[in-house]
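Understanding the architecture of this molecule
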Amino acid sequence: MRRILGQLARKPAPGSDPPPPTLVGFDGDPTDAWVTIVAPRDEGAAHLLLVGRSTGLEVRMSLTDDPRGWRAHVTDGDLTVFEGETIDLYLVLTAGAGSRRRRVAGGMDLEPLASVGQPRRWYTTIEGNVSVRRRRAAEVIAESGTFDVDHYLGQLAGSAVDELPEGTDPIEHYVAKGAAHGLDPSPMFDTRFYQRMNPSVRRNPLAHFCEYGWQDLRNPSPLFDTWWYWSKHLDPGDDSVNPLVHYLEVGRQQGLSTRPEPSPSRRLGIGHRFGEGHAVRRVCLFAGYDPQGVVDDYVVAYVRELARHADVYYLADGEMPESELAKLADHTRGAWAERHGEYDFGSYSRLVERLGWSAIEEYDELLLVNDSGYLLRPLDDVFGQMDSRACDWWGLQATKGIFRTRDVPVNRFHEPIPMESVRGPLLDRFEQDYTYDFLVGSYFLAYRTPVIRDPEFRRYLASVAHQEKKHTIVQKYEIGLTRWLVHHGHPFDTFVSKLYPLHPVYTPWYFRLLDEGFPLLKRVFLTGNHYEVPRLADWADRVRRKVPGADVATIERNLARVADPESLRRNLSIGSEAGVEDVPVPDELLSPEEFAAADRLSPKHADWWAFPVCGFSHVFSGNERAVFEEVKDDPSIRKIVLTRDKEVVVDGVNVEVVPLESPEGQHRVMRAGTIFIKHSRYRNVVHPVSSELHNLIQLWHGIPFKRIGYASADYLGRLDRVDADQQQYRAVIASSKVDALAMTAAFYPLTFHQVWNTGLPRNDFILRDEERLPADLRDELAKLRDLVGDRRLVLLMPTFRNADDGGAYRFSPEELARLEEWQKTHRCVLGLREHMADAGGMYGSQLSGLETIDLSADEFPDVEVLYRESSALITDYSSAFVDYMLTGKPMVSFAYDDESYQLERGGFYDLDLVFPGPICRTFDELDDALDGIVDRRVDESYEFRRRLFFDHLDDRSSARVVERVRDLTEARGVGKPLGERVA
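Residues numbered from 1 in each chain as written. Predicted model: local features only at pLDDT ≥ 70, side-chain atom pairs only at ≥ 80, totals over all residues. Heavy atoms only, no water.

Here is the rule: UniProt positions are given in the numbering used here, feature names are shortened, and annotations may be inferred rather than shown by experiment.
The chain carries the name CDP-glycerol glycerophosphotransferase (TagB/SpsB family) in an unreviewed UniProt entry, which gives Isoptericola halotolerans as its organism. The UniProt entry for the chain carries the following comment under Subcellular location (unreviewed entry): "Cell membrane". One UniProt comment on the chain, placed under Sequence similarities (unreviewed entry), says "Belongs to the CDP-glycerol glycerophosphotransferase family."

**Some points on the overall build of the chain**
Stated formally: A run of H or I in DSSP becomes a helix once it reaches four residues, and a run of E becomes a strand once it reaches two; helices and strands are each numbered from the N terminus. When a residue's accessible area, from a 1.4 Å probe over protein chains only, is under 20% of the maximum for its type it is buried; when over 50% it is exposed; and in between it is partly exposed. Contacts are assigned to residue pairs that have any heavy atoms within 4.5 Å of one another. Using a 1.4 Å probe, the Shrake-Rupley method yields the accessible areas, and only the shown protein chains count as cover for residues.
Check the secondary structure of the chain and you find 39 helices and 37 strands. In the chain, which comprises 983 residues, the share counted as buried stands at 57%. Within the chain, contacts between residues at least 6 apart in sequence are counted, and of these 71% link residues at least 24 apart. Accessible surface, the chain: about 41,300 Å² in total, of which carbon and sulfur atoms supply 49%.

**Observations concerning empty space enclosed by the protein**
In plain terms, the rule: Of the grid points, spaced at 1 Å and generated over the protein atoms alone, those admitting a 1.4 Å probe that cannot get out make up cavities, while open sets with protein on both sides within 12 Å along at least five of seven lines make up pockets; any residue with an atom within 4 Å of a point is treated as lining. Grid points are joined across faces, edges and corners, and a volume is the space filled by probe spheres set on the points.
On inspection of all chains with the given rule, the structure shows 7 cavities of 30 Å³ or more. The computed volume of the largest cavity comes to approximately 140 Å³. Around the largest cavity sit 15 residues that line it, and Leu796, Phe811, Ile874, Phe894 and Leu926 are the ones nearest its centre. Mapped onto the lining of the largest cavity, the elements with two or more residues apiece are helix H31 (813-826), strand E35 (872-875) and helix H37 (923-930).

**Comments concerning the packing of helix H16 (residues 455-462) against helix H17 (residues 470-487)**
Let me state the cut-off plainly: Where helices are involved, their axes are fitted lines through C-alpha atoms of the stretch in contact, as for all axes, and angles between N-to-C directions lie from 0 to 180°. Orientation categories follow fixed angle ranges, with anything under 35 degrees roughly parallel, anything over 145 roughly antiparallel, 65 to 115 roughly perpendicular, and all other angles oblique. Three classes are used, and their members are as follows: Ala, Val, Leu, Ile, Met, Phe, Trp, Tyr, Cys and Pro are nonpolar, Asp, Glu, Lys and Arg are charged, and the others, Gly among them, are polar.
Viewed as axis vectors pointing N to C, H16 and H17 meet at an angle of 170°, and their least axial separation amounts to 12 Å. As far as their axial angle goes, H17 and H16 are roughly antiparallel. Seen from H16, the contacting residues are Glu456, Phe457, Arg459 and Tyr460; seen from H17, they are Lys476, Tyr477, Gly480, Leu481, Trp484 and Leu485. By residue class, the composition of the contact of H16 with H17 is 6 nonpolar, 1 polar and 3 charged.

**A look at the pattern of salt bridges**
Our working definition: The rule for a salt bridge is simple: a side-chain nitrogen of Lys or Arg has to be within 4 Å of a carboxyl oxygen of Asp or Glu.
Taken as a whole and assessed by the stated rule, the structure comprises 76 salt bridges. The salt bridge involving Glu566 is made with Arg569; its shortest N-O contact spans 2.7 Å. Of the two residues, Glu566 and Arg569 are both situated in helix H22 (residues 565-573); the distance of 3 residues between them amounts to about one turn of the helix. A residue is classified by how much of its surface remains accessible, and Glu566, at 41% relative accessible area, is partly exposed. Taking the shortest distance from any N to any O, the salt bridge between Glu629 and Lys632 comes out at 3.0 Å. We classify Glu629 as buried; its relative accessible area is 14%. Residue Lys632 is classed as buried on the basis of its relative accessible area, which comes to 14%. Salt bridges here are not isolated pairs; linked through shared partners, they connect Lys498, Arg512, Asp515, Lys546, Glu963, Asp967 and Glu970.

**Looking at the sheet that holds strand E31 (residues 755-757)**
Here is the rule: Between any two strands, pairing holds if DSSP finds at least two bridges.
The parallel open sheet is built from 7 strands, whose spatial order is E27-E26-E25-E28-E29-E30-E31. Two strands close off the open sheet at either side, each with one partner strand: strand E27 (655-659) and E31. Each strand axis lies, on average, 25° off the axis of its neighbour in the sheet, ignoring direction. As defined by bridge partners, strand E29 (residues 695-698) adjoins strand E30 (residues 731-734) across 2 bridges and the pair is classed as parallel. From the neighbouring strand, Gln698 faces E30, where its bridge partner is Val732.

**Examining helix H30 (residues 775-788)**
Note that an α-helix has 3.6 residues per turn; residues three or four places apart therefore point the same way. Threshold: Expected helix span is computed as 1.5 Å times (number of residues minus one).
Compared with the 20 Å implied by 1.5 Å per residue over 14 residues, the 20 Å span of H30 between its first and last C-alpha is a close match. At its buried positions, H30 is contacted by helix H24 (622-631), helix H29 (764-767), strand E32 (792-797), strand E33 (828-832), strand E34 (852-854) and helix H33 (863-869). Once H30 finishes, Gly789 follows within two positions and takes phi at roughly 65°, a positive value.

**Some words on unusual backbone geometry**
Tyr748 connects to Pro749 through a cis peptide bond whose omega is 15°. Note on placement: Pro749 falls in the loop between helix H28 (737-746) and E31. With a phi close to 45°, Asn529 is a non-glycine residue in the positive phi region. Among the secondary structure elements, Asn529 is positioned in the loop between helix H19 (523-527) and helix H20 (539-546). The buried category is assigned to Asn529, whose relative accessible area is 3%.

**Brief notes about the environment of Asp551**
In plain terms, the rule: We define a polar contact as two N or O atoms separated by no more than 3.5 Å, with the added condition that, inside protein, one atom must be a possible hydrogen donor and the other a possible acceptor, whereas residues neighbouring each other in sequence contribute only through side-chain atom pairs.
With respect to the helices and strands, Asp551 occurs in the loop between H20 and helix H21 (552-562). Sequence separation of Asp551 and Leu375 is 176 residues, and the distance between their C-alpha atoms is 8.3 Å. Among the polar contacts made by the side chain of Asp551, one reaches the side chain of Thr554 at a distance of 2.5 Å.

**Structural notes on the environment of Tyr901**
Note on placement: Tyr901 falls in helix H35 (residues 898-904). Residues Tyr901 and Tyr877 lie 24 residues apart in sequence; the distance between their C-alpha atoms is 9.0 Å.

**Examining the packing of helix H23 (residues 592-601) against helix H25 (residues 663-671)**
This is how it is decided: In this scheme the handedness of a crossing depends on how the near helix is turned from the far one: anticlockwise by less than a right angle means left-handed, clockwise means right-handed.
Between H23 and H25, the shortest axis-to-axis distance is 9 Å and the interhelical angle comes to 45°. Compared by their axis directions, H23 and H25 come out oblique. For the element pair H23 and H25, the recorded crossing hand is right-handed. Facing H23, whose interface residues are Phe595, Ala598 and Asp599, H25 presents Gln666, Val669 and Met670. Of the residues that constitute the contact of H23 with H25, the class distribution is 4 nonpolar, 1 polar and 1 charged.

**Observations concerning the nonpolar core**
Where we set the bar: Only buried Ala, Val, Leu, Ile, Met, Phe, Trp, Tyr and Cys residues count toward a nonpolar core, and they belong to the same one when joined by side-chain atoms within 4.5 Å.
Formed by 79 residues in total, the largest nonpolar core has its most connected members in Leu285, Leu366, Trp393, Phe438, Tyr447 and Phe457. It is H17 that contributes the most residues to this core, 8 residues altogether. Beyond its immediate stretch of four places on either side in the chain, Leu285 contacts Tyr313, Tyr348, Leu351, Val352, Leu355, Leu366, Leu367, Leu368 and Val369. Of all hydrophobic cores here, the second largest spans 63 residues; its members include Tyr298, Val496, Phe518 and Val547.

**Looking at the side chain of Asp876**
Along the polypeptide, Asp876 turns up in the loop between E35 and helix H34 (880-884). Among the polar contacts listed, one links the side chain of Asp876 to the backbone nitrogen of Thr799, at a separation of 3.0 Å. The contacts of Asp876, once residues within four sequence positions are left out, are Met797, Pro798, Thr799, Arg801, Ser893 and Phe894.

**A closer look at the side chain of Thr482**
Take Thr482: it is sitting in helix H17. The exposure class assigned to Thr482 is buried, which follows from its relative accessible area of 2%. A distance of 3.4 Å separates a polar atom in the side chain of Thr482 from the backbone oxygen of Glu478.

**Remarks on a negative patch on the surface**
Formally: Candidates for patches are residues over 30% relative accessible area with no salt bridge; among them, like charges are joined within 9 Å and nonpolar side chains (Val, Leu, Ile, Met, Phe, Trp, Tyr) within 5 Å. Positive charges come from Lys and Arg alone, negative charges from Asp and Glu alone, with His and the N- and C-terminal ends not counted. Positions of charges follow a simple convention, taking NZ of Lys, CZ of Arg, CG of Asp or CD of Glu.
Together, Asp235, Asp238, Asp239 and Glu468 make up a negatively charged patch on the protein surface. Topologically, Asp235 is positioned in the loop between helix H7 (226-233) and helix H8 (243-254).

**Some remarks on the confidence of the model for the chain**
Note that predicted coordinates carrying low pLDDT should not be read in detail. Rule in force here: Every residue gets a pLDDT, meaning the predictor's confidence in that residue, from 0 to 100.
When pLDDT is averaged along the chain, the result is 86; 87% of the residues meet or exceed 70. Ignoring residues within four places in sequence, the model shows residues 1-16, a span with pLDDT below 50, making 63 contacts including any to other chains. In this model, residues 106-118 is a region of pLDDT below 50 whose contacts with residues beyond four sequence positions or in other chains number 51 contacts.

**What to know about the sheet that holds strand E21 (residues 444-448)**
With respect to topology, 7 strands assemble into an open sheet ordered E14-E13-E12-E15-E21-E17-E22, the strand pairing being mixed. Only two strands of the sheet have a single partner each, and these edge strands are strand E14 (334-338) and strand E22 (492-494). Going from strand to strand, the sheet's axes swing by 15° on average, the running direction of each strand aside. Pairing between strand E12 (residues 282-288) and strand E13 (residues 311-317): 6 bridges, direction parallel. Residue pairing for E13: Val283 is matched across the bridge by Asp311. Lying over the sheet, helix H9 (residues 297-307) contacts E12, E13, strand E15 (365-370) and E21, oriented at roughly 170° with respect to E12.

**Some remarks on the environment of Tyr748**
Here Tyr748 shows up in the loop between H28 and E31. By relative accessible area, Tyr748 is classed as partly exposed at 35%.

Below you can see the structure in the form of structure tokens.
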């Protein structure tokens, strides 16, 4: 703290004119000085007045008696209210009802009354008056010792800046011209880099760094990491030395490192593993704080649960009566309270001092836990999982990006990243960030023997010091310790399996953490809501749904006691639908215009999922049916199946089946947060739903071979219509990385991150064990087996053509006879399934004289049943061949109109490269290919081609889609924001 003491001298002799207040002396050092002012000591009161020269802002300083006169105490805080303006000093003398103000006059030059990092200095004006002003940039730089004159002058030659005029101070030249042209004042200070990384800084960049930047842990260049150097080579608790100054004066000569190694992942070891059956002994240092000095019920419950797994020691940062600490007596080995103002890490450091490292190292694990979170569930699962993993230290979850770096592009990733990926190259990539912001949440940390015995870790905890700013606490101790441990080769792990965007315990991702077993609810999530998470008013219900045993009542009592009620109400009400009155089902069907208006006024429910049936066949099958099956027994989701003219019978919990084109159907659609689409918004939903109000998820109906959507040659000249429809979707699914690229092209203007590589849900029905299939699919299988009998079923599945019946192949009588002979020879039956959009039925009429089975969607809604039971497939360019590859069975392409079809629709791929069987362009070639097809073994290229289209060869594609929909809904809400609309 800087102190300025003004002393006023005795009253002059009677009869003489009183002299003006005069500054006559200065005594002290830059951080602790006494300024002596001689002035008449009239009868009556007096005070010192600081007046802003521009604003007129006044700060009154009281004067106290002193054997030598009067004395005023001025602190930095008294000066900062004036921001950057000049301040004049006045002595105000009061006698009776009047007062008079006299400006302090000076009779000497003053040295700066400010150290590096402090922005003001005293000076005398030409009139002899005394003022306080902000130090000029050149003065700050000159006093800092960071300016390298030789380095600066060496850059002038060949630069756009004029040569240094004779007699010009290089520092003044840098401030006036050099910085604007990007010249560097030191090898370790990059002017353009500092400006680029700190765009809000308006002052000279080096002056800003010397005054504020280094204390704010900003880096002067890519070559120098301020906090790394500070914590590595200096006392981390001492903030009196600018690390860059230390390096220039001392560290450079000693060869000290200026930043960490760029690839810390290479230093990570294999991790400490407990032996099988080992009973882990833990010690827990618990940091508490309560503004009212209370040990709250939620803290008692938290400590009690921790005591089941560890020896707990408690320290509160604040005054707390013994009666409150006594609440913890049955659950702790010791409980204390003292005000130290160093937050949680200050409590941890003091508890370590109380216990001593010799006692702590007798344990297998050291826990550092604070009271910032409410415990929702027991910790058995947390400790059970983590005890089985190899690591030197662990936490509950990791974070990439904090509030002050939330807009940095690298932190705006859209989906969670598996932690095993984070601990590799990504960990190295984080080192490239200007502000290092990766951390393992410090509210619950566990350190094992390799860390506990590390002397550098002990030094780090011992160096904890008071910080004026919250963000420096985060950077130094929360983020800083994570980085420190990683660079010292200590491998880490987290209970939560993924790295979620930003700080997930404070964002909508929090509710997805609960699905992973996360045990806490951070209080600031509700009381601060820094990320403006919408609809938190129902937090209690959402928590209960995911953690049925959570003690919500205790949490609510604590919030009522410590939270500001108005602030809490405001934070919980963001984005809520409070005041929105729902209306009953209308009496009659609304027109499109009426529907659109009603849609905007209707509340939206994130847990209402709508499943329209197929817009062509009107059956409930395919991807949408598979997703429904995945969630049908989940009571937290209301499933709405929207039918057309065919009956749909499904079972499940919280399920309703209503006609799409009915008042009730319209009512449900308007309120559904998520609507699944199979073809297009108009084809499947009919009603004009708005993507601004709903999450429209495009499931499509296959893995396309032919070009669709924006990529199709068929839509040239109509791309504006395609664009208008496709920009409504919140997401599209794909089955592989290759397929994701095709779907990104097809569904432009969506971007690649809006294409989910989940696999197609309907393919779960191909790969799943028969006994786990839905009952109606098992019935279809039984029906198909009865129809096929002891014959071999060969599927015939042609694709759709714009020419409809004019595009179908016309078999000659001789060719039909050859097909009939083939059937007899191989005991085959043709199962005909024409495209759902093909109304002509040309193949059915042509092949009516052969042994055929009608496998249309009317008879067999679920094509996956056909794939499972068939022996081979005949198609042309239908994407059915892609799904069929999951069976590993043979197939033939009858590409009789290859050239014309390519002109009509085009393909994403070269058929010859991706089709895993014979490609026949004449009937003779087809006839040859069919011979023995049912007994043919596939070749080695089959698996290669299958891998192009399938990254997932399991029956969990539906589960992955459901997980992504939950992520989307809970993390980003319902309705598509404007920024997601275009690529």
